[in-house]
Amino acid sequence: MAKIGVFVCQCGNNIARTVDTAEVAKYCSEQDGVVHVEDYKFMCSAPGQEMFKKAIKEKGLDACIVSACSPKMHEATFRNAAEAAGLNPFKVEIANIREQCSWVHDDKEVGTVKSKDLTKMMIERIKFNKPLERYVMPLTKRALVVGGGIAGIQAALDLAQAGVDVHIVEREPSLGGNMARLSETFPTLDCSQCIMTPRMVEVQNHPLITVHAYAELEQLSGFIGNFRARIRQKAKFVIDDLCTGCGECWEKCPFSTESEFEMGLVKRPIIYIPFPQAVPTVPVIDKTECPKILKDKCGLCADVCGPDCIDFTQQDEIKEIDFGAIIVATGFQLMPNVYREYGGWRPPHMTPKKLTAKMRKALPRSDAGRLVDVINGLEFERLASASGPTGGQIRRPSDGKIPEVVVFIACVGSRDCNKGVEYCSKICCMYTAKHTMLYQHAVHHGKSYVFYMDIRAGGKGYEEFINRAQDEGAQYIRGRVSRLTKKGEKILVKGADTLTGQAVDVEADMVVLATAMVPQGDSEQVAQTLGIGYDKHGFFSEQHPKLMPVESSTGGIFLAGACQSVKDIPETVAQASATAAKVLALFSKDEMMRDPEVAIVDQEKCMNCWDCVTVCPYLAIDRVELKDRNGNFRKWAAYVNPGLCQGCGICNTACRSKSIELMGYTNEQVYAQITAFGGDII
Amino acid sequence: MIEAIRNQARLLLENGDVDVVIGYAEGSDPSRTTPIFIRKAEDVEKLIYDPRCINSLPLYLNKRHEYTRKGWKKTAIIGKGCDIRAIVQLIAENQLKRDEIYILGVPCEGVVSHPEKWDGSLHDGNRASKCIGCDVMTPHETDFFPGDKPDVDRSTPYEATSKNVATLMELELDKRFAFWRTDFDRCFKCYACREVCPHCSCNTCITDETTPSWIDPAAHKKGVFSWHLTRAMHLVGRCTGCGECTRACPMGIQVDLFNQRMKEVVQESYSYKPGYSLEDKHPLITYKVDDREDFIK
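Residues numbered from 1 in each chain as written. Chains lettered and ligands numbered in written order. Predicted model: local features only at pLDDT ≥ 70, side-chain atom pairs only at ≥ 80, totals over all residues. Heavy atoms only, no water.

Caption draft 1: Examining the overall build of chain B more closely. A count of helical and extended segments in chain B gives eight helices and four strands. In terms of overall dimensions, chain B is globule-like: its C-alpha atoms have a radius of gyration of 20 Å, near the 19 Å expected for 297 residues. Along the first, second and third principal axes, the C-alpha set of chain B runs to 60 × 45 × 45 Å. Burial statistics for chain B: of 297 residues in total, 51% are counted as buried. When contacts within chain B are restricted to residue pairs at least 6 apart in sequence, those whose partners lie at least 24 apart make up 70%. Positive and negative side-chain charges in chain B, numbering 41 and 45 respectively, have mean positions lying 4 Å apart. (Helix = DSSP H or I, 4+ residues; strand = E, 2+ residues; numbered from the N terminus. Rg over C-alpha atoms; globule rule 2.2 N^0.38 Å. Buried < 20%, exposed > 50% of the residue type's maximum accessible area, 1.4 Å probe, protein only. Contact = heavy atoms within 4.5 Å. Lys, Arg positive; Asp, Glu negative; His and termini not counted. Charge placed at Lys NZ, Arg CZ, Asp CG, Glu CD.)

Here it is as structure tokens:
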């Protein structure tokens, strides 16, 4: 016979106002199996908990119900207290008579009856509660950082400085990401590369950090504390260990193609490093363009290479490495193809001369494709950057002239439900203000106009920065631009000033679009590889928008930077450090304790339809072969990995044969709970 | 037509390509046919096919049944379109592998609704309701088909649901409930509907569960209602509409009305037709971004 204790809490007056707790306690004492009841003002207080522990010890209780607030509030409190008193914590259940009863009813009679029912249901349920033990899982104290931009660099450095072995996987040939492209950063106008490159070098030189540049995460298996990553090291055709980074090869390479790093504004050689400060300073050969690899012609780089480190036969290499935690910092891109909206669309990195007849036909308007002087924010950053293609002189792409009038258009693609994304891209107001300043500093007699919807400058020193931009000569016009057309050598910007209600036409030499920040094009694929959630835009979803902003939906995977939502650099760095703190907390123990409230499979009953495998959002269910005693194959069955299972219960609902049970919420428990409430349906 | 099938079956058995051929043979009286398992090449002459062949043979491919445990590696099966839908669905649900079976497709002009209705020919008076508007009279997934297989447009919705469903849906809610109360009064829970269903593949049926006993085993209204509603829910997006449950019911309860209605709902809501794809999972366990959400109020 069960020895159940029921502890009814008055919660000051919170519960007692609409529930006669003494009456509930009396009713419970009459139930089968209940040997002890208490009715107390604050069960969660220190004396309340002492009373709870004392009752367990003295009466030898083997299960306890606390009729109080939501289990979200104090389930852990009472389970810990029970553990301290020598009772298995999973033999404690909460009957929620506050949020689900006293707070939502006015009538004391109704509240009392409902509290009785809720508590009785838990009494019947707890008779089927089994003592559960937490799982002890091993832990690999090595972290993987996916993405080598500022977020990944920050997280890796923080972790390495705390003594954690870190690997960074970066798909480009160099670390740096988008931040390395920026010329100067708001709101202090310090040079981006000057603050970025020392950190890149620090990463490179840190003994605990391994950089896998020009590599991609291909597959992830395992679970929190015990991940296994399959990393594809793309063939560089250059032997890392021998290369000195002297530069002979990329200087001599006779072929070229558009530079991705320079946003296609200039060409780069086929054997290349993306930018001079690249880390690691090992070039890669672009195998889609190299004539030696494609047609076995040329091979000049191998001839000039002193240390003989060029190997045209190199293949992709697969590395399998175990990790305990993963930080995802895959960053953002600017919304592609926004030029189309303004009639100035052109294929990326394509000058009009190179347009084929077919492409011309595909273009939306007759003069479209010729507005090469309409550029996006990152392209402007490269034009303004001292290390950029123009050496820091702002020259327009079409003819290289210094533009006298520049129009900046804010909110291109963002806050636009029809043609773009509905969210605010957040950083554009600030970087547009920065661009006007960079332009004014470079071209003193120039004139800059900003067409904006609203100015959003919430941040330390941000509002002041906008004011400074206006003081330095930028003319802000509140209104949208309807279209851009070519007028001689200039671009006619047709816009409106909604404050004066007048149409505004500006003849500009160059137009800069503050294009919306969107996730990387393959972010959904990355999310699926990692098994984490993502929203409709492709941003990775955090576990809780307020209280768990850096955790992904999967345990042990954390999110840093713009892959989670639009962010500026300070926020990105802060979030990256936050993920490092989370990883350190995870790594602070030698083993992991996992909640035992996970699903288990009755493998004999399992009919292997794999519906559970299809629905599991955590990839926690595997297909396993059952063998007989002679080792012969007998049948297939599902197996739930307790390290991965989060106890959501979706597999239970999908399983027709009722072969899966969620421990702590077994069919017997739930059935007993429901039937205790009772009532005939027909 | 049947000669070509017999020859192919003979060839398969003689070459040892298959261990058994499941088909139809003459039954105990002229209006009936019986399923037959042929293991010797000389027996293939027994195979027949005509509108009396109403049994759903894929039932025997279901792992729940003894036949799959006889050690037969490869089975040839005569399939009319609706049965092949059931086979395809079994494969999609991982209850069967495509290379374990050899499908002998037959051109079908419809079958009778019940052997008792057979009067020597098939006509509108005795045709099974599932055959009206059928789009798999030329089967969709076969290994062998006598003659040429014409292209058929199968993009249209499922075959017409029986008129009885529409009639029932027109009734007021309480009248509809009254209909089922009277109809289910006759059910004594023999579970023929379950035993004949090619898709009921659980090792232990939920109705046989005892810890806890989700479905009251007694044949009172509560037990009967919870059984039939659970059965209907378990077949949502999976039922391929062979109509065997209604035919097998000794009390003449039209239990497949539920399934037909569910099939309509699934088709309308998710544009999903079970039994046409070897890979697609049914809509209740899959999520697509463009899934209908208008029922969430």
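Having seen the model, we can carry on.
Caption draft 2: Region of interest: the domain arrangement of chain B. All names here are of chain B. The domain boundaries assigned to chain B delineate domain 1 (2-131) and domain 2 (163-285). Here domain 1 and domain 2 have C-alpha centroids that lie 24 Å from each other. Between domain 1 and domain 2, the contact holds 23 residues from the first and 25 residues from the second. Buried surface at the junction of domain 1 and domain 2, both sides included, amounts to about 2000 Å², of which 48% is carbon and sulfur. Sorting the residues of domain 1 by area buried against domain 2 places R64, R85 and Q89 first, and these three jointly supply 31% of that buried surface. Taken together, the connections running from domain 1 to domain 2 amount to one salt bridge. Here R238 and E93 are joined by a salt bridge, their closest N and O atoms 2.8 Å apart. In this structure, the connection of domain 1 to domain 2 is made through eight residue pairs in polar contact (both at pLDDT 80 or more). Grouping the amino acids of the side of domain 1 that touches domain 2 by side-chain chemistry returns nine nonpolar, nine polar and five charged. (Domains from an automatic or database assignment. Buried area = accessible area lost by both parts, 1.4 Å probe. Salt bridge = Lys/Arg side-chain N within 4 Å of Asp/Glu carboxyl O. Polar contact = N/O pair within 3.5 Å; in protein donor to acceptor, adjacent residues only side chain to side chain. Nonpolar A, V, L, I, M, F, W, Y, C, P; charged D, E, K, R; others polar.)

Caption draft 3: Quick peek at the side chain of R6 of chain B. Residue and element names in this part refer to chain B. Along the polypeptide, R6 turns up in helix α1 (residues 2-14). For R6, a relative accessible area of 12% gives the class buried. In terms of polar contacts, R6 uses its side chain to reach the side chain of E3, at 2.9 Å. A distance of 3.4 Å separates a polar side-chain atom of R6 from the backbone oxygen of E45. Ignoring anything within four residues of it in the chain, the contact list for R6 reads V44, E45, L47 and I48.

Caption draft 4: Seen up close, the sheet that holds strand β24 (residues 481-487) of chain A. Residues and elements named next belong to chain A. Pairing is antiparallel in the open sheet, where three strands are placed in the order β24-β25-β26. Taken across any chain shown, the strands that pair with only one partner, and hence form the sheet edges, are β24 and β26 (502-508). Shown here is a sheet whose adjacent strand axes are inclined to one another by a mean of 20°, direction ignored. For strand β25 (residues 490-497) and β26, the ladder comprises seven bridges, and the chain directions are antiparallel. If you follow K494 over to β26, its bridge partner there is D505. (Pairing = 2+ DSSP bridges. Axes fitted to C-alpha atoms, helices over the stretch in contact; angles between N-to-C directions.)

Caption draft 5: Structural view of the interface of chain A and chain B. On the chain B side, the residues contacting the 20 residues of chain A number 24 residues. Carbon and sulfur atoms supply 58% of the area that chain A and chain B bury against each other, a total of about 2000 Å² over both sides. Linking chain A to chain B there are one salt bridge. Residue E209 of chain B is joined to K605 of chain A by a salt bridge in which the shortest nitrogen-to-oxygen separation is 2.7 Å. Taken together, the links from chain A to chain B amount to nine residue pairs in polar contact (both at pLDDT 80 or more). Only α16 (611-615) and α18 (667-677) of chain A provide two or more residues apiece to the side of chain A that touches chain B. Residues belonging to the side of chain A that touches chain B are distributed by class as follows: nine nonpolar, four polar and seven charged.

Caption draft 6: Seen up close, the sheet that holds strand β12 (residues 226-233) of chain A. All names here are of chain A. On the basis of which strands lie adjacent, the open sheet formed by three strands has the order β11-β12-β17 and antiparallel pairing. In this open sheet, the two strands that pair with only one neighbour each are β11 (215-223) and β17 (317-323). Averaged over all adjacent pairs, the angle separating strand axes in this sheet is 20°, with direction ignored. Here β11 pairs with β12 via eight bridges, running antiparallel. Along β12, the bridge assignment pairs F223 with N226.

Caption draft 7: Quick peek at the packing of aromatic side chains. Enumeration over the complete set of coordinates arrives at 20 aromatic pairs over all chains. Both rings, one in F261 of chain A and one in F275 of chain A, keep their centres 4.4 Å apart while their planes meet at 20°; by these two values the pair is stacked. With a gap of 14 residues between them, F261 of chain A in the loop between β13 (256-258) and β14 (267-269) and F275 of chain A in the loop between β15 (271-272) and β16 (284-285) connect regions that are remote in the sequence. There is no split in this pair, since F261 of chain A and F275 of chain A are both buried. With centroids separated by 5.0 Å and ring planes inclined at 85°, the aromatic side chains of Y191 of chain B and W227 of chain B adopt a geometry described as edge-to-face. With Y191 of chain B in the loop between α4 (173-184) and α5 (192-195) and W227 of chain B in helix α6 (residues 221-234), this residue pair connects regions lying 36 residues apart in the sequence. The two residues Y191 of chain B and W227 of chain B agree in class, both being buried. In this structure an aromatic cluster arises from ring pairing among F177, F179, W180, F184, F225 and F258 of chain B. It is K234 of chain A that lies over the ring of Y214 of chain A; its NZ or CZ is 4.6 Å from the centre. K273 of chain B extends its terminal NZ or CZ atom over the ring of Y276 of chain B, reaching a point 4.6 Å from the ring centre. (Phe/Tyr/Trp six-rings, centres within 6.5 Å; stacked < 30°, edge-to-face > 60°. Lys NZ or Arg CZ within 6 Å of the ring centre and 35° of its normal.)

Caption draft 8: Structural context of the side chain of T579 of chain A. Relative to the assigned elements, T579 of chain A resides in helix α15 (residues 569-586). Residue contacts for T579 of chain A: discarding those within four places in its chain leaves A155, I327, V550, F558, L559 and A560 of chain A.

Caption draft 9: Layout of the pairing of strand β1 (residues 4-9) of chain A. Residues and elements named next belong to chain A. Of all six residues that make up β1, six are buried, and the element is covered over most of its length. Neither face of β1 is open: one carries I4, V6 and V8, the other G5, F7 and C9, and all of them are buried. The pairing of β1 with strand β3 (residues 63-68) spans five bridges and is classified as parallel. Its bridge partner being in β3, G5 is matched across the sheet by C64. The pairing of β1 with strand β2 (residues 34-40) spans six bridges and is parallel. By the bridge assignment, I4 is partnered in β2 with V34.

Caption draft 10: Structural view of helix α5 (residues 150-161) of chain A. All names here are of chain A. Taking 1.5 Å per residue, 12 residues should reach 16 Å; α5 reaches 16 Å between its end C-alpha atoms and fits that length. Here α5 lies mainly inside the structure; 10 of its 12 residues are buried. Every buried residue of α5 is listed here: I150, A151, G152, I153, Q154, A155, A156, L157, L159 and A160. Check the buried side of α5 and you find it contacts β6 (142-146), β7 (165-170), α6 (192-205), β10 (209-213), β18 (325-328) and α15. One or two steps after α5, the chain reaches G163, where phi turns positive at roughly 95°. (Expected span 1.5 Å × (residues − 1).)

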